[in-house]
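# Reading the structure
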Amino acid sequence: MQRPHAATLFALAALLTACTGAAATPEDTRAPAPPTGVTATAGSATTVHVMWSPAADDRAVTGYAVYRQGRKVKDLPAETLMTDVTGLAPATAHTFTVRARDAAGNVSPDSAAVTATTPAGGTEDRTAPTRPTALRVSPAGPDAAALAWRPARDDTRVTAYDVYQAGSRVHTVPGTATETRVTGLRPATAYLFTVRARDAAENSSPDSNAVPLTTPATPGRRPATAPTGVTVRATRGALTVTWTPPRTTGPVKEHQLHLNGRFATTIVWGAGPAPGPVSYTLTVPTTPGLRYALTLRARLPDGTWGDFSAPVTAVTP
């Protein structure tokens, strides 16, 4: 019997593949590793702040679950590495673990258990702590910042310090701490940090002094591409932002404006703005006392987005 020619065999194999489809992706049956670096800090009589480091998976972690005394209390997306667990009993020890999950539904073992004891309640305490002072921020590599401050005072006791970046809380430490390290930052990126003190009754102090920080670039990174000289003027119902576009190899025709860490609007010029400072006015609610942190970034001539500017803040009159 004549054997099939190699070309015929190849054609038959291609036909079979076309009919049955490409080989199926192997089923994901491997669970993520348990999260590491889990910490729990009592922020008030009824709140504990839980944080952890990212878990590893052979494909990708898609979420985390936080457990208290073995019962799930929070489901969170993969990009969230901290949460506040609220509604807790005062003067009680609470034990927490964290599990990671992947897209196939595989769940990691429990992380190491951590315990935080909430202080006694202070329901009649309506006096907020004083503001922390003399905040200092320094780079701790391209992806971290070291913060230190002078302690606040309170009529009862400071139970926690909350670290804010551009108006959003990113970290919490015990009330006995006067320094901390914030990780997970991006290289060559501008940040603005403040710290608030909190007591057992959830009274928060005013902000400390605001300190900007630009993280160092990693070796071989492109030159800084952030807008510079950013200022903002708040009037009733409007914010007027002024800045200088970055210098690039071609005209910069588009900028993005972010408020409090969220995208607000895109600013487009038909032929690119003239060299030097430019301005844009954004409509905001007329409510007095609203606080905004603003950042800008430019679309570069190659179509990618450049670095964010250093945040600037404004309060509506």
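Because the structure is a prediction, the values reported are computed rather than measured.

Parameters and conventions
- Residues numbered from 1 in each chain as written.
- Predicted model: local features only at pLDDT ≥ 70, side-chain atom pairs only at ≥ 80, totals over all residues.
- Heavy atoms only, no water.
- Helix = DSSP H or I, 4+ residues; strand = E, 2+ residues; numbered from the N terminus.
- Buried < 20%, exposed > 50% of the residue type's maximum accessible area, 1.4 Å probe, protein only.
- Contact = heavy atoms within 4.5 Å.
- Areas by Shrake-Rupley, 256 points an atom, 1.4 Å probe, with all protein chains shown as cover.
- Polar contact = N/O pair within 3.5 Å; in protein donor to acceptor, adjacent residues only side chain to side chain.
- Pairing = 2+ DSSP bridges.
- Axes fitted to C-alpha atoms, helices over the stretch in contact; angles between N-to-C directions.
- Phe/Tyr/Trp six-rings, centres within 6.5 Å; stacked < 30°, edge-to-face > 60°.
- Lys NZ or Arg CZ within 6 Å of the ring centre and 35° of its normal.
- Salt bridge = Lys/Arg side-chain N within 4 Å of Asp/Glu carboxyl O.

### Brief notes about the overall build of the chain
A tally of helices and strands in the chain yields one helix and 21 strands. Put simply, the chain has 317 residues, and 42% of those count as buried. For the chain, the share of sequence-separated contacts (at least 6 apart) that also reach a separation of at least 24 residues comes to 64%. As displayed, the chain has an accessible area near 16,800 Å², and 55% of this comes from carbon and sulfur atoms.

### Some thoughts on the side chain of histidine 49
Along the polypeptide, histidine 49 turns up in strand E2 (residues 48-53). Residue histidine 49 is classed as buried on the basis of its relative accessible area of 3%. A polar contact of 2.9 Å, which involves the side chain of histidine 49, links it to the side chain of aspartate 84. Residues within four places of histidine 49 in sequence aside, it is in contact with Thr39, Ala40, Thr41, Met82, Thr83, Asp84, Arg169, His171 and Thr172.

### Regarding the sheet that holds strand E3 (residues 61-68)
Spatially, four strands are ordered E4-E3-E6-E7 in an open sheet, and the strand pairing comes out antiparallel. Bordering the open sheet on either side are strand E4 (71-77) and strand E7 (114-117), each of which pairs with just one other strand. For this sheet the average axis-to-axis angle between neighbouring strands, irrespective of direction, equals 30 degrees. Two strands pair when backbone bridges link them, and strand E6 (residues 93-102) and E7 are joined in this way by four bridges, in the antiparallel orientation. Each bridged residue has a counterpart across the sheet, and for phenylalanine 96 the counterpart in E7 is valine 114.

### Here's the deal with the packing of aromatic side chains
Counted under the stated rule, the structure contains three aromatic pairs. The ring of tyrosine 67 has arginine 99 lying over it, and the distance from NZ or CZ to the ring centre is 4.1 Å. We note arginine 196 situated over the ring of tyrosine 164; from NZ or CZ to the ring centre the distance is 3.9 Å.

### Let's talk about the sheet that holds strand E19 (residues 278-283)
Sheet architecture is open: three strands sit in the order E15-E16-E19, paired in antiparallel fashion. Looking at the sheet topology across the chains shown, the edges are occupied by strand E15 (228-235) and E19. On average, adjacent strands in this sheet sit at an angle of 20 degrees to one another, irrespective of strand direction. Here E15 pairs with strand E16 (residues 238-244) via six bridges, running antiparallel. By the bridge assignment, arginine 233 is partnered in E16 with threonine 240.

### Digging into the pattern of salt bridges
Scanning the entire structure with this criterion turns up ten salt bridges. When the shortest N-O distance is used, the salt bridge between aspartate 75 and arginine 101 registers 3.3 Å. Of this pair, aspartate 75 sits in strand E4 while arginine 101 sits in strand E6, and the two are 26 residues apart along the sequence. Residue classification places aspartate 75 among the partly exposed residues on the basis of a relative accessible area of 47%. The partly exposed category is assigned to arginine 101, whose relative accessible area is 25%. The partner of arginine 291 in a salt bridge is aspartate 207, with the nearest N and O atoms 3.6 Å apart. Taken together, the positions of arginine 291 in strand E20 (residues 291-298) and aspartate 207 in the loop between strand E13 (190-199) and strand E14 (211-214) put the pair 84 residues apart, joining distant regions of the chain. Among the residues examined, aspartate 207 registers a relative accessible area of 15% and is labelled buried. Shared partners join several salt bridges into a network, and the residues in it are Asp84, Asp162, Arg169, Arg198 and Glu202.

### Considerations on unusual backbone geometry
Even without glycine at this site, alanine 91 takes up a positive phi of about 50 degrees. Structurally, the position occupied by alanine 91 is in the loop between strand E5 (82-85) and E6. Owing to a relative accessible area of 55%, alanine 91 belongs among the exposed residues under this scheme. Even without a glycine there, the phi angle at alanine 134 is positive, about 55 degrees.

### Notes on the pairing of E20
For E20, the tally of buried residues reaches seven of eight residues, placing the bulk of the element in the interior. In this structure, E20 lies alongside strand E21 (residues 312-315), joined through four bridges in antiparallel fashion. By the bridge assignment, leucine 294 is partnered in E21 with valine 312.

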